[in-house]
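# Commentary on secondary and tertiary structure
Now for the letters of each chain:
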Amino acid sequence: KLYYSPGEYGWTYFFSSIFLFLLFSDFLIYIIHRAFHESKWMYKHIHKPHHRWIIATPFASHAFHPVDGFTQSLPYHLFVLLFPFNKILYIVLFIFVNFWTISIHDSTYVVPSFLQNFINGSAHHTDHHILFIYNYGQYFTFCDKLFGTYLHPTQEKAKDTKSV
């Protein structure tokens, strides 16, 4: 249910729903993204166009088959069917998701090294594009760690983030 006034569910729920939205969508995107990689048919016919960019670029962030884009967007829409969510926050997070998706494809490693164990940044996603079998998460690394697909960013990339 989308609602307008933050007071309708309270400010505590308003702010905690941001984290719930990110965790929920990260988990489902992990499952969908990994399924696209593990199914040879889905990878070849649906997800492979996105991986034409071995070294990810901002263009690659939105360059994919329509079924891929639709399927990976489902968690965002499913969330508001299952949980109350503020309309303005939904738009703000829609914009955030787009900027985040571009940022993890731009090869600029801006996630500080002390957060790299938790945040799935550009270095993680670049390794995903190079190696294909690691780092399927969208925002966080917990699903990759839980399901054994986590790979810490390569040492060369990790050096780039120490100054951040």
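For the structure, see preceding data.
The notes below deal with the structure included here.

Conventions used here
Residues numbered from 1 in each chain as written. Predicted model: local features only at pLDDT ≥ 70, side-chain atom pairs only at ≥ 80, totals over all residues. Heavy atoms only, no water. Core = buried A, V, L, I, M, F, W, Y, C linked by side-chain atoms within 4.5 Å. Buried < 20%, exposed > 50% of the residue type's maximum accessible area, 1.4 Å probe, protein only. Helix = DSSP H or I, 4+ residues; strand = E, 2+ residues; numbered from the N terminus. Contact = heavy atoms within 4.5 Å. Axes fitted to C-alpha atoms, helices over the stretch in contact; angles between N-to-C directions. Parallel < 35°, antiparallel > 145°, perpendicular 65-115°, else oblique. Nonpolar A, V, L, I, M, F, W, Y, C, P; charged D, E, K, R; others polar. Patch = residues over 30% accessible without salt bridge, like charges linked within 9 Å, V, L, I, M, F, W, Y side chains within 5 Å. Areas by Shrake-Rupley, 256 points an atom, 1.4 Å probe, with all protein chains shown as cover. Salt bridge = Lys/Arg side-chain N within 4 Å of Asp/Glu carboxyl O. Expected span 1.5 Å × (residues − 1). Arc of directions from axis to C-beta. Polar contact = N/O pair within 3.5 Å; in protein donor to acceptor, adjacent residues only side chain to side chain. Phe/Tyr/Trp six-rings, centres within 6.5 Å; stacked < 30°, edge-to-face > 60°.

### Some words on the nonpolar core
Judged by nonpolar contacts, the single largest core of 20 residues is most densely connected at F21, Y76, F79, F85 and Y139. Going through the elements one at a time, α1 (11-38), α3 (66-82) and α4 (87-103) are the ones with two or more residues in this core. F79 has contacts with S17, L20, F21, F24 and F85, leaving out every residue within four places of it along the chain.

### Observations concerning the packing of α1 against helix α2 (residues 40-47)
Their axes nearest at 5 Å, the elements α1 and α2 cross at an angle of 100 degrees. Classified by the angle between their axes, α1 and α2 sit roughly perpendicular to one another. Side by side, α1 and α2 meet where H33, A35, F36, H37 and E38 of the first sit next to K40, M42, Y43, I46 and H47 of the second. When its residues are assigned to classes, the contact of α1 with α2 shows 5 nonpolar, 3 polar and 2 charged.

### As for a nonpolar patch on the surface
A cluster of nonpolar residues, F19, L23, F27, I31, F142, L146 and F147, forms a patch on the protein surface that exposes about 660 Å² of accessible area. Those elements that provide at least two residues to the nonpolar patch are α1 and α6 (142-146). Tracing the backbone through its elements, the reader meets F142 in helix α6. Judged by relative accessible area, F142 falls into the partly exposed class, the value being 34%.

### Side note on α4
Taking 1.5 Å of rise per residue, the 17 residues of α4 would be expected to cover 24 Å, and the 24 Å separating its terminal C-alpha atoms lies within 8% of that figure. Restricting attention to buried positions, one finds in α4 the residues L89, Y90, L93, V97, W100 and T101. Around the axis of α4, the buried residues are gathered within 105 degrees of arc, so they sit on the same side. In α4, those exposed residues whose orientation departs by more than 90 degrees from the buried face are I91 and F99. The inward-facing, buried residues of α4 abut β1 (2-3), α1, α3 and β2 (85-86). Measuring from the backbone nitrogen of I88 back to the side-chain oxygen at the start of α4 gives 2.9 Å, which picks out N86 as the cap.

### Observations regarding the packing of aromatic side chains
The final tally for this structure, using the stated rule, is 21 aromatic pairs. Summarising the aromatic geometry, the rings of Y30 and Y136 are spaced 5.8 Å apart at their centres and angled 80 degrees between planes, so their arrangement reads as edge-to-face. Note that Y30 is positioned in helix α1 and Y136 in the loop between α5 (122-131) and α6, a separation of 106 residues in sequence. Look at Y43 and F132: their rings are 6.4 Å apart centre to centre, the planes differ by 80 degrees, and that puts the pair in the edge-to-face class. With a gap of 89 residues between them, Y43 in helix α2 and F132 in the loop between α5 and α6 connect regions that are remote in the sequence. Accessibility expressed as a relative area gives 26% for F132, which makes it partly exposed. Through pairs of rings, three or more aromatic residues link up here, namely F21, F24, Y76, F79, F83, F85 and Y90.

Everything listed here is a matter of coordinates, which is why it stays silent on function.
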